[in-house]
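Architecture and fold: a report
If you want the building blocks of each chain, they are given just below.
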Amino acid sequence: MLNFLSCRENGTLDPLALVRAEATRRTFSLELSKEQDVKRIHASGVNSLDLDPVEGRYLISGGADGVIAIYDTHNLSGTPSNTSEAVCTVGRSHRHVHKYSVETVRWYPHDTGLFTSSSMDKTLKVWDTNVLLPAEVFQFEGTVYSHAMSPVAKKHCLIAVATMTSIVTLCDLKSGSSTHILKGHRAAVKCARWSPRNPYLLATGSQDNKVLLWDVRSAKSSLMSLDQHNGELATSTAAVNTAHNGHVNGLCFTPEGLHLLSFGTDHRLRLWDTATGRNTLVNYGKICNESKKSVQFTVSRGSSPDVVFVPDDSSIAMFDVFSGTSLHRLVGHYNYVQCCVFNPDTQELYSGGSDSNILVWVPDLGRGEDYEESKKQKAEPSRRSQNTQAYQDTWSSDED
């Protein structure tokens, strides 16, 4: 790191290279925080978390008890030890609280004055944060498993809603109505994610083991169905055009939007090229996924390489996105991990589990090392051995 600072001071290094190196060092050294904590509010498991994209400060959580809580994660105490208190909550005594488990909570991408929540009570609610009252309520025929809003859209305010039915519903915030539906799946849709690159590209995962990509401007049919075998199986095989050999209940785009990660109950994580729809065949190994709900996982931003954080039973597995290399495992929860969200500004991770806890994972500044430097150090012993062999004295006192 001192070498980076020296090169930056001399003007021989791109400023972004230093930022990337520091972000990588911090991401690779995450550990359970000994000084930061989030106050326990939920009486049951934490199903969903989201960090506001505007300030990166306010964390929202949705629990199996139907409660929604908003926390201020900034440390204003002036001391290293800090517990993030709930700024406001939609508790069981609230008049508009969800009747059953809250499955997904999401901030409005451009303003903290609005957030959305969906629940097992078959509703999607759009909340005004300032008065903590629903500005709009959408009712559905089946249980709502997941919903998502585009982080880059400027010409539409659509919310993609995945429900127990095989139909994906698009709700328009501007008109307050369901604009149109997307038909293509044959079973319940478990998850939906918008591309961070294309405001009209939507990915959905279902119990029919499929992942479909949609252009929402055309509701006639999906753009493509992702095939785990890349078209190499005979058309008569039942596994044709299936992304997994189990239900697909987790999706996440890489930060640049060029690749999509899918997670299935076949205990596999797969990486897809969103331009061609091809399976990149990266092997992450077996990752435990027995959840009947939507699983929320995330990818780091700013580090090199990109790191994916995936709930794996009661821990969080860290993998290199493009090589599949297992990097680290974050252990701290006492029960299944349901969700996690990454803060790209501070390289911190927040996770929620069935143990009702929200844990904070922070960089260990004492042991963190730059990824490239660590690779060089691993290669250094072999170089030293070659150098010592070249200069070794081969003289022997044996007269024979």
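This report concerns the structure included in the present document. (Residues numbered from 1 in each chain as written. Predicted model: local features only at pLDDT ≥ 70, side-chain atom pairs only at ≥ 80, totals over all residues. Heavy atoms only, no water.)

**Thoughts on the overall build of the protein**
For the protein, the count of helices and strands is three helices and 29 strands. In the protein, which comprises 400 residues, the proportion classed as buried is 52%. Intrachain contacts of the protein at a sequence separation of at least 6 include 48% that bridge at least 24 residues. (Helix = DSSP H or I, 4+ residues; strand = E, 2+ residues; numbered from the N terminus. Buried < 20%, exposed > 50% of the residue type's maximum accessible area, 1.4 Å probe, protein only. Contact = heavy atoms within 4.5 Å.)

**Here's the deal with the sheet that holds strand β15 (residues 177–183)**
The strand order β12-β13-β14-β15 describes an open sheet built from four strands, whose pairing is antiparallel. Across the chains shown, the open sheet's two edge strands, defined by having one partner strand only, are β12 (144–149) and β15. Pairs of neighbouring strands in the sheet enclose a mean axial angle of 25°, with direction left out of account. As paired elements, strand β13 (residues 158–163) and strand β14 (residues 167–172) share five bridges and run antiparallel to each other. From the neighbouring strand, Val-161 faces β14, where its bridge partner is Thr-169. (Pairing = 2+ DSSP bridges. Axes fitted to C-alpha atoms, helices over the stretch in contact; angles between N-to-C directions.)

**A few points about the pairing of strand β20 (residues 248–253)**
Taking burial as the measure, the six residues of β20 include six buried ones, the bulk of the element. Here β20 runs beside strand β21 (residues 259–264); their pairing, made up of five bridges, is antiparallel. In the sheet register, Phe-253 faces β21, and the bridge partner there is Leu-260. Hairpin connection between β20 and β21: a loop of five residues separates the two successive antiparallel strands, and Gly-257 in this loop has a positive phi of roughly 80°.

**Quick word on the pattern of salt bridges**
What the rule picks out here adds up to eight salt bridges. With its nearest N and O atoms 3.4 Å apart, the salt bridge here joins Glu-31 to Lys-34. Relative accessible area serves as the criterion here: at 23%, Glu-31 is assigned to the partly exposed category. Two residues, Asp-215 and Arg-217, come together in a salt bridge whose shortest N-O distance is 3.0 Å. Classification of Arg-217 as exposed rests on a relative accessible area of 56%. (Salt bridge = Lys/Arg side-chain N within 4 Å of Asp/Glu carboxyl O.)

**So, the side chain of Asp-266**
In this fold, Asp-266 is placed in the loop between β21 and β22 (269–273). Side-chain polar atoms of Asp-266 contact the side chain of Arg-270, separated by 3.3 Å. Among residues more than four places away in sequence, those in contact with Asp-266 are His-244, Asn-245 and Gly-246. (Polar contact = N/O pair within 3.5 Å; in protein donor to acceptor, adjacent residues only side chain to side chain.)

**Some words on the side chain of Thr-104**
On the secondary structure map, Thr-104 appears in strand β8 (residues 102–107). For Thr-104, a relative accessible area of 3% translates into the label buried. Within the local environment of Thr-104, its side chain forms a polar contact with the backbone oxygen of Tyr-145, the two atoms lying 3.3 Å apart. Those residues in contact with Thr-104 that sit more than four places away from it in its chain are Ser-48, Thr-116, Ser-117, Ser-118, Tyr-145, Ser-146 and His-147.

**Quick look at unusual backbone geometry**
With an omega of 10°, the peptide bond running from Ser-304 to Pro-305 counts as cis. Secondary-structure assignment places Pro-305 in the loop between β23 (298–299) and β24 (307–312). Phi angles above zero are rare outside glycine, and His-267 is one such case at about 65°. Tracing the backbone shows His-267 in the loop between β21 and β22. Of the residues examined, His-267 reaches a relative accessible area of 19% and is grouped as buried. Of note in this structure, Ser-356 is not a glycine but carries a positive phi near 75°. In this fold, Ser-356 is placed in the loop between β28 (348–353) and β29 (358–363).

**As for the packing of aromatic side chains**
Counted by the stated rule, this structure contains five aromatic pairs. Ring geometry for Phe-263 against Phe-297: centres 6.0 Å apart, planes inclined by 75°, an arrangement best described as edge-to-face. One end of the pair, Phe-263, is in strand β21; the other, Phe-297, is in the loop between β22 and β23, and 34 residues separate them in sequence. Residues Phe-263 and Phe-297 agree in their burial class; the two are buried. Between Tyr-284 and Phe-319, the aromatic rings sit 5.7 Å apart at their centres with planes inclined by 75°, giving edge-to-face as the arrangement. Of this pair, Tyr-284 sits in the loop between β22 and β23 while Phe-319 sits in strand β25 (residues 315–320), placing them 35 residues apart in sequence. For Phe-319, a relative accessible area of 4% corresponds to the buried category. Each member of the aromatic cluster is reached from another via a ring pair, and the members are Trp-107, Phe-115 and Trp-127. The ring of Tyr-145 is capped by Lys-190, whose NZ or CZ atom sits 5.0 Å from the centre of that ring. (Phe/Tyr/Trp six-rings, centres within 6.5 Å; stacked < 30°, edge-to-face > 60°. Lys NZ or Arg CZ within 6 Å of the ring centre and 35° of its normal.)

**Some remarks on helix α2 (residues 15–28)**
For α2, built from 14 residues, the straight-helix expectation of 20 Å at 1.5 Å per residue is met to within 8% by its first-to-last C-alpha distance of 20 Å. Along α2, the residues that are buried comprise Ala-17, Leu-18, Ala-21, Ala-23, Thr-24, Arg-25, Arg-26, Thr-27 and Phe-28. (Expected span 1.5 Å × (residues − 1).)

**What to know about the sheet that holds strand β4 (residues 58–63)**
Within the open sheet, the four strands sit side by side as β3-β4-β5-β7. Their pairing is antiparallel. What marks the edges here is a single partner per strand, and that holds for β3 (46–51) and β7 (86–90). When strand polarity is set aside, the average angle formed by the axes of neighbouring strands in this sheet is 15°.

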